[in-house]
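Remarks on the overall topology
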Amino acid sequence: MKEFKSKLNSEKYTISGIVSAKCPSNIALIKYWGKRDVQIPMNPSLSFTLNESNTQTELKFKPNDSGEFKLKVFLDNELKPDFAPKIITFFNRIEEFMPFLNRFEFEINTHNTFPHSSGIASSASGMGALALCLTEMENQLGGNLSETERLKKASFLARLGSGSACRSVYQSITVWGETSAVESSSDLYAVPYPYEIHENFRNFQDTILLIEEGEKEVSSTVGHKLMEGHPYAERRFESAAENLKKLIPVLKEGNLEEFGIIVEHEALSLHAMMMTSNPYYILMKPNTLYVIEEIWRFRKETGLPLYFTLDAGANAHLLFPEKNKVEIGDFIDKSLKSYAKQGKMIKDFSI
Ligand code: PMV
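The present account deals with the structure reproduced in this document. (Residues numbered from 1 in each chain as written. Predicted model: local features only at pLDDT ≥ 70, side-chain atom pairs only at ≥ 80, totals over all residues. Heavy atoms only, no water.)

1. Comments concerning the nonpolar core
By size, the foremost hydrophobic cluster in this structure holds 74 residues, and its most contacted members are Leu46, Phe91, Phe106, Leu134, Met137 and Phe259. Top element by residues in this core is helix H2 (residues 123–140). It accounts for nine residues. Apart from residues lying up to four places away in sequence, Phe106 is in contact with Leu59, Lys60, Phe61, Lys70, Leu71, Lys72, Phe91, Leu101 and Met137. Among the nonpolar cores identified, the runner-up in size contains 23 residues, and Ile292, Phe308, Phe331 and Ala340 belong to it. (Core = buried A, V, L, I, M, F, W, Y, C linked by side-chain atoms within 4.5 Å. Buried < 20%, exposed > 50% of the residue type's maximum accessible area, 1.4 Å probe, protein only. Helix = DSSP H or I, 4+ residues; strand = E, 2+ residues; numbered from the N terminus. Contact = heavy atoms within 4.5 Å.)

What follows is the structure in structure tokens.
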């Protein structure tokens, strides 16, 4: 972790400045669920970084003599005092790698392209954008990080804010968590997927059906914690690692059918963990199940490659190749859209 310590120290600074960054959300195909220590994942995960769903953040900084963290957070120009504690916790975690943080006073302005209440987690894109801003700031102060070092450090810092956020720093497919299947993979930061990706998976479509809006009943933080002492945890961690290994030739060869099997198995395994923890809970809603049934029926009838994945919530991510955009898009509009709250969906893709 020494490589992430800043060359800068906690000396007094006199400069002020503004930095900004944009960071997308991501959807995991191989799910991270369960952690140890400070945000160390129990299994490797792999995700598609999205394009349309992102957070744009502007960070203003000016000297602060108080010796304490000082910040104000605005969402769409509205002051959000309740957002500050999470960022203070984050600053406490990363201070050892950014010793200049308490020498400044911050104003953080943030905007999400997706609605705040949509049920899309803003923590991945939000923490990713903030980490990118902070590494940019480090360079403005003389940190001298090359672009490669800066992105690696941003991913490392983002992980300390929200685990899955570390995967959002890079485009396309990324991997977080040490696995012998992916060279240079690490538990400390994500890496861009280093192997061949078949054309079938380029501009891969992810249409998110917003089945449930607002806060989830059980947060991811609680969910990760419930994997401790979970009766099936060990087998689940192994299974995720095996699924990741299996996905590598699939991504190379463009095998859509096998892709669907692995990805849907991952989604249902994640929810199976929730349903078998102590206490147990269910985040899927009846409409999530209707959508899954409709997808399976559609696939059987048409043979077209439409698959789903789920995050830790009720929303369904509808995954399909760009080349099938028209016919699958029609089916979504006709048969799936009505399962979403007020027919709301977000059409996204991963390059
Ligand atoms: O990064 P967290 O703590 O919000 O956890 C995210 C967990 C899942 O979204 C369910 C899976 C993943 O790998 O993104």
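Now that the structure has been shown, we can carry on.
2. Describing the sheet that holds strand E13 (residues 345–350)
Pairing is antiparallel across the open sheet formed by four strands, whose spatial order is E11-E12-E10-E13. Both outer strands of the open sheet, strand E11 (307–310) and E13, are each paired with one neighbouring strand and no more. Within the sheet, the average angular offset between the axes of one strand and its neighbour, ignoring direction, is 25 degrees. Summarising the sheet, E11 and strand E12 (residues 316–320) pair through four bridges and their orientation is antiparallel. Considered in E12, the bridge of Thr309 is made with His317. Its contacts with the sheet put helix H6 (residues 256–275) on strand E10 (204–209), E11 and E12, and the angle it makes with E11 is roughly 25 degrees. (Pairing = 2+ DSSP bridges. Axes fitted to C-alpha atoms, helices over the stretch in contact; angles between N-to-C directions.)

3. A look at the side chain of Thr49
Along the chain, the position of Thr49 falls in strand E4 (residues 45–63). In this structure the side chain of Thr49 is engaged in a polar contact, spanning 2.7 Å, whose partner is the backbone oxygen of Tyr170. Once residues lying within four places of it in the same chain are set aside, the contact partners of Thr49 are Pro24, Ser25, Asn26, Arg167, Ser168, Tyr170, Gln171, Ser172, Thr174, Phe349, Ser350 and Ile351. (Polar contact = N/O pair within 3.5 Å; in protein donor to acceptor, adjacent residues only side chain to side chain.)

4. Section: the site of the ligand
Around the ligand, the neighbouring residues are Ala28, Lys31, Tyr32, Trp33, Ser162, Gly163, Ser164, Arg167, Ser220, His224, Leu270 and Ala312. Measuring from an oxygen atom of the ligand, one finds a side-chain N or O atom of Arg167 at 2.8 Å. Separating an oxygen atom of the ligand from a side-chain N or O atom of His224 is a distance of 2.9 Å. Contact with the protein chains hides 88% of the accessible area of the ligand, taken as 380 Å² for the molecule alone. Tallied by class, the residues present in the shell around the ligand amount to five nonpolar, five polar and two charged. (Near = heavy atom within 4 Å. Areas by Shrake-Rupley, 256 points an atom, 1.4 Å probe, with all protein chains shown as cover. Nonpolar A, V, L, I, M, F, W, Y, C, P; charged D, E, K, R; others polar.)

5. Considering the environment of Val222
Residue position: Val222 is located in helix H4 (residues 220–225). As for Val222 and Gly34, which are separated by 188 residues in sequence, their C-alpha atoms are 9.9 Å apart.

6. Overview of the pattern of salt bridges
Tallied over the entire structure, the rule returns 20 salt bridges. Glu138 is the partner of Lys153 in a salt bridge, and the nearest nitrogen-oxygen pair spans 2.9 Å. You can see Lys153 sitting in helix H3 (residues 147–161) and its partner Glu138 sitting in helix H2, a full 15 residues away along the chain. Owing to a relative accessible area of 1%, Glu138 belongs among the buried residues under this scheme. A salt bridge links Arg235 to Glu238; its shortest N-O distance comes to 3.0 Å. Taken together, the positions of Arg235 and Glu238, both in helix H5 (residues 233–253) and three residues apart, correspond to about one turn of that helix. With a relative accessible area of 45%, Arg235 lands in the partly exposed category. You can call Glu238 partly exposed: its relative accessible area is 42%. Through salt bridges with shared partners, a single network forms among Arg36, Asp37 and Asp187. (Salt bridge = Lys/Arg side-chain N within 4 Å of Asp/Glu carboxyl O.)

7. As for the environment of Tyr32
In this structure, Tyr32 sits in the loop between strand E1 (17–30) and strand E2 (35–36). Taking relative accessible area as the criterion, Tyr32 reaches 9% and is therefore assigned buried. Spatially, the C-alpha atom of Tyr32 lies 24 Å from that of Ile88, the residues being 56 residues apart in sequence.

This is a description of form; function is not addressed.
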